[in-house]
Amino acid sequence: KKVILYFFLPFFQVIIYGDLPKNKENVIYLSNHQCTVDWIIADMLAIRQNALGHVRYVLKDGLKWLPLYGWYFSQHGGVYVKRSAKFNEKEMREKLRAQVKAETPMYLVIFPEGTRYNPEIPKVIADSQSFAEKEGLAILKHVLTPRVKATHVAIDTMKDYLDAVYDVTVAYEGTVDHKGQRKLAPSMTEFLCKECPRVHIFIDRIELKDIPEEQMYMRRWLHERFEIKDKLLIEFYDAKDSKRRNKFPGKSVHSKLSLKKTLPSLLFLGGLTASMLLTESGRKLYVKTWIYGTLIGCLWVSIKP
């Protein structure tokens with residue numbers, strides 16, 4: 001499904017601000033989180049650096065039960081984590097160390113908010129703001145208060161292996177109603193079906209030497225990064241001057257992908273899938289792959305996260 005999606009990426013309007021290096025790097029990618037499309041945004045940027053196969057995710061633990069994909073993410077270097085007191089730091093460090101030892105290319109995606117920013121669930125936003133106030137942190141409007149544990153473990157474990165941290169802020173046009181209030185970000189289906197959706201991506205490449213090492217100080221640093229995100233999004237959604245809305249400040253480029261980066265994969269996967277679905281035996285094999293693959297995958301991730 002991802003490969004098919006990437007064929008359509010050239011038809012999306014992707015507007016990039018800031019500095020996205022042209023060459024591959026080992027990085028941690030920190031982003032605000034609004035919807036499932038956010039996962040694809042990381043892939044969009046990785047494609048532009050010829051690093052698509054390097055993308056790995058830090059995911060909430062419940063996603064490991066996704067049919068087939070839960071197993072795939074785990075085997076592809078993804079890390080499943082539980083929140084708060086149930087967070088298993090040792091397990092995460094061991095998995096990351098194993099990948100560093102194997103010299104695995106690293107484009108590790110982390111959404112530090114821990115859950116999606118959803119305007120239709122105001123209690124989550126209010127609880128996040130109350131926690132920030134209680135802790136003496138700045139109250140954020142368009143993002144949630146970030147959690148530092150996974151970010152700290154990832155940076156601390158791989159600091160000698162990483163080239164940089166990418167601080168990424170994503171905004172989708174058309175997610176404000178007539179009253180100027182935030183709406184739910186697009187689902188994957190909406191994103192694919194709407195005509196020429198525009199995605200704005202602000203990238204700040206941060207050197208490791210500029211990030212505090214101790215968790216207490218990194219927590220403050222991470223919150224400050226999310227304050228910057230919040231200011232960018234306030235400008236994007238709420239600017240009094242309508243000409244300044246629906247864009248981030250600074251220079252931007254409309255970043256297109258050539259078909260040669262996406263068409264071969266589409267033809268290969270499309271041909272393989274079609275050859276299975278056009279025959280009765282192929283359809284049976286397809287269904288069995290999903291059923292038995294899911295069962296085996298769930299058993300595997302429960303034994304070896």
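- Per an unreviewed UniProt entry, the protein chain goes by the name 1-acyl-sn-glycerol-3-phosphate acyltransferase epsilon and belongs to Calypte anna.
- Recorded in UniProt under Sequence similarities (unreviewed entry), the annotation for the protein chain is "Belongs to the 1-acyl-sn-glycerol-3-phosphate acyltransferase family."

A few points about the overall build of the protein chain
Step number 1: Helix and strand counts for the protein chain stand at 10 helices and 8 strands.
Step number 2: A compact globule built from 305 residues should have a C-alpha radius of gyration of about 19 Å, and the protein chain, at 20 Å, falls within 12% of that.
Step number 3: In the protein chain, which comprises 305 residues, the proportion classed as buried is 45%.
Step number 4: When contacts within the protein chain are restricted to residue pairs at least 6 apart in sequence, those whose partners lie at least 24 apart make up 78%.

Considerations on the pattern of salt bridges
Step number 1: Per the stated rule, a full pass over the model turns up 16 salt bridges.
Step number 2: The closest approach of N and O atoms between Lys209 and Asp210, which form a salt bridge, is 3.4 Å.
Step number 3: A salt bridge links Glu235 to Arg244, with the shortest nitrogen-to-oxygen separation between them at 2.6 Å.
Step number 4: The partly exposed category is assigned to Arg244, whose relative accessible area is 42%.
Step number 5: Taken together, the shared-partner salt bridges connect Glu89, Arg93, Asp156, Lys159 and Glu213 into one network.

Remarks on unusual backbone geometry
Step number 1: The phi dihedral of Glu103 falls on the positive side, at around 55 degrees, and the residue is not glycine.
Step number 2: Of note in this structure, Asn246 is not a glycine but carries a positive phi near 60 degrees.
Step number 3: Position of Asn246 relative to the elements: it lies in the loop between α8 (215–238) and β8 (252–254).

Let's talk about helix α2 (residues 37–48)
Step number 1: Compared with an ideal rise of 1.5 Å per residue, which puts 12 residues at 16 Å, α2 spans 17 Å between its outermost C-alpha atoms and is within 8% of the ideal.
Step number 2: Within α2, 12 of the 12 residues are buried, which leaves the element mostly enclosed by the surrounding structure.
Step number 3: Every buried residue of α2 is listed here: Val37, Asp38, Trp39, Ile40, Ile41, Ala42, Asp43, Met44, Leu45, Ala46, Ile47 and Arg48.
Step number 4: Taken from the residues just after α2, Asn50 is the one with a positive phi, measuring 55 degrees.

What about the environment of Pro112?
Step number 1: Mapped onto the fold, Pro112 is located in the loop between β5 (107–110) and α5 (122–134).
Step number 2: The buried category is assigned to Pro112, whose relative accessible area is 3%.
Step number 3: Here the alpha-carbon distance between Pro112 and Val165, two residues 53 residues apart in the chain, equals 13 Å.
Step number 4: Once residues lying within four places of it in the same chain are set aside, the contact partners of Pro112 are Leu30, Ser31, Pro146, Arg147, Thr151, Leu222 and Phe226.

Side note on the UniProt feature "domain: Phospholipid/glycerol acyltransferase" (unreviewed entry) in the protein chain
Step number 1: The UniProt record marks residues 27–152 with the feature "domain: Phospholipid/glycerol acyltransferase" (unreviewed entry), using the residue numbering of this structure.
Step number 2: Counted over residues 27–152, helix gives 39% and strand 14%. Its end C-alpha atoms are 14 Å apart.

Things to note about the sheet that holds strand β1 (residues 13–18)
To summarise the sheet geometry, strands pair through backbone hydrogen bonds and adopt either a parallel or an antiparallel arrangement.
Step number 1: Ordered by their spatial adjacency, 8 strands build an open sheet running β4-β3-β5-β2-β6-β7-β1-β8, and the pairing between neighbours is mixed. The open sheet has two edge strands, β4 (79–81) and β8, and neither has a second partner. Neighbour-to-neighbour, the strand axes of the sheet open up by a mean angle of 25 degrees, direction not taken into account.
Step number 2: Alignment of strand β2 (residues 27–31) against strand β6 (residues 164–172), held across 5 bridges, turns out to be parallel. Bridge pairing in β6 links Val27 to Ala164.

Notes on the packing of helix α6 (residues 149–158) against α8
Step number 1: Viewed as axis vectors pointing N to C, α6 and α8 meet at an angle of 115 degrees, and their least axial separation amounts to 10 Å. Handedness of the α6/α8 crossing: right-handed. Where α6 approaches α8, its residues Lys149, Thr151, His152 and Ile155 are matched on the opposing element by Gln215, Met218 and Leu222.
Step number 2: Of the residues contributing to the contact of α6 with α8, the split by class is 3 nonpolar, 3 polar and 1 charged.

Notes on a positive patch on the surface
Step number 1: The grouping of Lys60, Arg83, Arg116, Arg147 and Lys149 at the surface amounts to a positive patch.
Step number 2: Its place among the elements puts Lys60 in strand β3 (residues 55–60).
Step number 3: Lys60 sits in the partly exposed class, given a relative accessible area of 43%.

With respect to the confidence of the model for the protein chain
Step number 1: Here the protein chain averages 86 in pLDDT, while 90% of its residues score no lower than 70.
Step number 2: Averaged pLDDT values for the elements of the protein chain fall to 43 in helix α1 (residues 2–8) and rise to 98 in β2.
Step number 3: Under a pLDDT of 50 for its full length, residues 1–8 has, in the predicted model, 24 contacts with residues more than four places off or in other chains.

Parameters and conventions
Throughout, residues of each chain are indexed from 1 in the direction in which the sequence is written. Per-residue local features are limited, in this predicted model, to residues with pLDDT of at least 70; the limit for side-chain atom pairs, both in listing and counting, is 80 or more; totals at the level of whole chains, interfaces and linings are taken over all residues. Note: side-chain values were computed over all heavy atoms of the structure, leaving out hydrogens and water. UniProt positions are given in the numbering used here, feature names are shortened, and annotations may be inferred rather than shown by experiment. Here a strand is any run of E in DSSP of at least two residues, a helix any run of H or I of at least four, and the numbering for each starts at the N terminus. Our radius of gyration is a C-alpha quantity, and the globule rule it is checked against amounts to 2.2 Å times the number of residues to the power 0.38. Categorising residues by exposure relies on relative accessible area from a 1.4 Å probe, with only protein chains included: less than 20% of the type maximum marks a residue as buried, more than 50% marks it as exposed, and the intermediate range marks it as partly exposed. The contact rule is simple, with two residues in contact once any of their heavy atoms fall within 4.5 Å. Whenever Lys or Arg places a side-chain nitrogen within 4 Å of a carboxyl oxygen from Asp or Glu, that contact is recorded as a salt bridge. A helix's residues, less one, multiplied by 1.5 Å, set its expected span. Here, strands pair whenever DSSP counts at least two bridges between them. Between the N-to-C directions of two axes lies an angle of 0 to 180 degrees, each axis being a line fitted to C-alpha atoms and, for a helix, fitted only over the stretch in contact. For any helix crossing, the convention is left-handed if the near helix is rotated counterclockwise from the far helix by under a right angle, and right-handed if that rotation is clockwise. For this scheme, ten residues count as nonpolar: Ala, Val, Leu, Ile, Met, Phe, Trp, Tyr, Cys and Pro. Four count as charged, namely Asp, Glu, Lys and Arg, and the remainder, Gly too, count as polar. Patches draw on residues past 30% relative accessible area with no salt bridge. Two like charges within 9 Å are joined, as are two nonpolar side chains (Val, Leu, Ile, Met, Phe, Trp, Tyr) within 5 Å. Values of accessible area rely on a 1.4 Å probe in the Shrake-Rupley scheme; residue burial ignores everything except the protein chains shown. Charged-residue counts in this description rest on Lys and Arg as positive and Asp and Glu as negative, His and the chain ends being excluded. Where a charge lies is defined by one atom per residue type: Lys uses NZ, Arg uses CZ, Asp uses CG and Glu uses CD. Every residue is assigned a pLDDT by the predictor, reflecting its confidence on a scale from 0 to 100.

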